[in-house]
Structure formats: structure tokens, C-alpha cells
Amino acid sequence: MFRHSSVHLLRLHTLKLSNPIYKTAQLHTSTFRMSNNNTNEPYPVSKSELEWRVQLSPEQYRVLRQKGTERPGSGEYNHFSGTGVYNCAACDTPLYKSDAKFDSGCGWPAFYEAIPGAIRIFEDKSGGMVRTEMVCNNCGGHLGHVFKGEGFKTPTDERHCVNSVSLKFVGNEDKKL
């Protein structure tokens, strides 16, 4: 029996290819990501890492699946101010309303609250520090980190520092009725 990390549980998966010249291939695939917030519930959207690599751009994969961070000030939504909803770039789950976005000057889009139930938060001890990581509650994609008590004049005194590449904006005028 192998030991698994709380981030990725792996299982052996047999992929049957439709082309008869190929034999059945065995791949290690990530079945779901688990959080460290004392819940052992799988994320509703579960795809293999291969499926995520096909769906996402290389930068989206690095940030959403490998917990990377985009360079400060480089993100498309850092200074963006449209009216609508910011969805998860991986699974299209609504995460943030535009009216919760504010300019924190941190170099990434900042929100003071998520749509209720949209994110999971847990302790992140990587990089030699302790932070609060947030992931999409539907697919487990890494979004960024939550910082509290920084004195921003927002209703929650929280800053959800989100990677732009983890988001997809849907403007009110773009929504289908």
C-alpha cells in the first residue's frame, strides 16, 4: 500500500484507446483533489491530469492544477472593472461577483468575499510560511490566497488575492436569459 498526500489521490486507470493498433495503456491519473480543511469530500468535477492538460492552457494548468502563481501585475483582471461574475477558468463555476472586487494594489485581482459555497479554504504551509489557500469548491483548482486583518475598508476586512488566469469573467450583458 502506498501513502498518499492530502492534495492528490492517485489511482491506476486503464485507458482503452479506440484505435485497434494501440494496446490498452495504463496511466496514473488524479481522481480528485482533497483539501486540508478537515473534509474528505471529493470535488464534484474530477478529471485526470491528462484531461486537465488538454483543457487548460499551460499557464492555467500551472496555476490551477500545480498551485502556481502568476507574476504580479501581469493578470488580465488586475485592473479590470466590468460588471458581472468571475467564474472558475477550469470548470466555469461562479466564484465572485464583480461588486466584491476592489483595488488592493497587490498586483492581483482582489475580492472581499466569494459567492457562498464557491470556494474551500485551508492552511497552506508551502514556501516557508503559513497562508490560507483557496480552491474552487467544484473542481479543486487553485485560485490564490486569503489574507485577513489588513485594514482594507471592505465589509469583511479580507482580501481574496486571486490569480487572473484562474478566472473567466462573464459580463452581465453576456449572460444568456
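Reading the values: rules and limits
Residues numbered from 1 in each chain as written. Predicted model: local features only at pLDDT ≥ 70, side-chain atom pairs only at ≥ 80, totals over all residues. Heavy atoms only, no water. Core = buried A, V, L, I, M, F, W, Y, C linked by side-chain atoms within 4.5 Å. Buried < 20%, exposed > 50% of the residue type's maximum accessible area, 1.4 Å probe, protein only. Helix = DSSP H or I, 4+ residues; strand = E, 2+ residues; numbered from the N terminus. Contact = heavy atoms within 4.5 Å. Pairing = 2+ DSSP bridges. Phe/Tyr/Trp six-rings, centres within 6.5 Å; stacked < 30°, edge-to-face > 60°. Lys NZ or Arg CZ within 6 Å of the ring centre and 35° of its normal.

S.K.: What am I meant to see in the nonpolar core here?
M.R.: Leu95, Tyr96 and Ile119 are the most contacted members of the largest nonpolar core, which totals 24 residues. Those elements that provide at least two residues to this core are helix H2 (58–65), strand E3 (84–88), strand E4 (94–97), strand E8 (131–136), strand E9 (142–148) and strand E11 (167–171). When near neighbours in sequence (up to four residues on either side) are disregarded, Tyr96 contacts Gly84, Val85, Tyr86, Phe111, Glu113, Ala114, Ile115, Ile119, Met134, His160 and Val162.

S.K.: What is the right way to read the environment of Val63 from this model?
M.R.: Tracing the chain through its elements places Val63 in helix H2. Overall, the relative accessible area of 0% leaves Val63 in the buried class. Expressed as a C-alpha distance, the spacing of Val63 and Ser164, which sit 101 residues apart in the sequence, is 9.8 Å. Ignoring anything within four residues of it in the chain, the contact list for Val63 reads Gly68, Thr69, Glu70, His142, Asn163, Val165 and Ser166.

S.K.: Help me understand the sheet that holds strand E10 (residues 158–162), please; the structure alone is not making it clear to me.
M.R.: Adjacent strands of a sheet form backbone hydrogen bonds with each other and so pair up, either parallel or antiparallel. On the basis of which strands lie adjacent, the open sheet formed by six strands has the order E5-E6-E10-E9-E8-E7 and antiparallel pairing. Each edge of the open sheet carries a strand with a single partner, namely strand E5 (101–102) and strand E7 (119–124). Inspection of the sheet shows E8 paired to E9 by four bridges, in the antiparallel sense. When the sheet's bridge partners are listed, Met134 is paired in E9 with Gly144.

S.K.: Can you walk me through the packing of aromatic side chains in this structure?
M.R.: Aromatic rings in a pair are described by how distant their centres are and how their planes are angled relative to each other. The full count for this structure, using the stated rule, is eight aromatic pairs. Consider the rings of Phe80 and Phe169, whose centres lie 4.8 Å apart with planes at 70°: the pair is edge-to-face. Linking Phe80 in the loop between H2 and E3 with Phe169 in strand E11, this pair joins segments that are 89 residues apart in sequence. What makes Phe80 partly exposed here is its relative accessible area of 31%. Through pairs of rings, three or more aromatic residues link up here, namely Tyr77, Phe80, Tyr86, Tyr96, Phe111 and Phe169. Note that Lys47 overlies the ring of Trp52, its terminal NZ or CZ placed 4.9 Å from the centroid.

S.K.: Could you clarify how one ought to interpret the side chain of Ser104 in this entry?
M.R.: Along the chain, Ser104 turns up in the loop between E5 and strand E6 (110–111). Not counting chain neighbours up to four residues away, the residues in contact with Ser104 comprise Ala110, Phe152 and Arg159.

S.K.: Whenever I open this one, the pairing of E11 confuses me. Can you help?
M.R.: Working note: regular strand, side chains alternate between the two faces of the sheet. Because side chains alternate across E11, one face comprises the buried residues Leu167, Phe169 and Gly171, and the other comprises Lys168 and Val170, none of which is buried. Here E3 runs beside E11; their pairing, made up of five bridges, is antiparallel. If you follow Asn87 over to E11, its bridge partner there is Lys168.

Everything listed here is a matter of geometry and, on its own, says nothing about what the molecule does.
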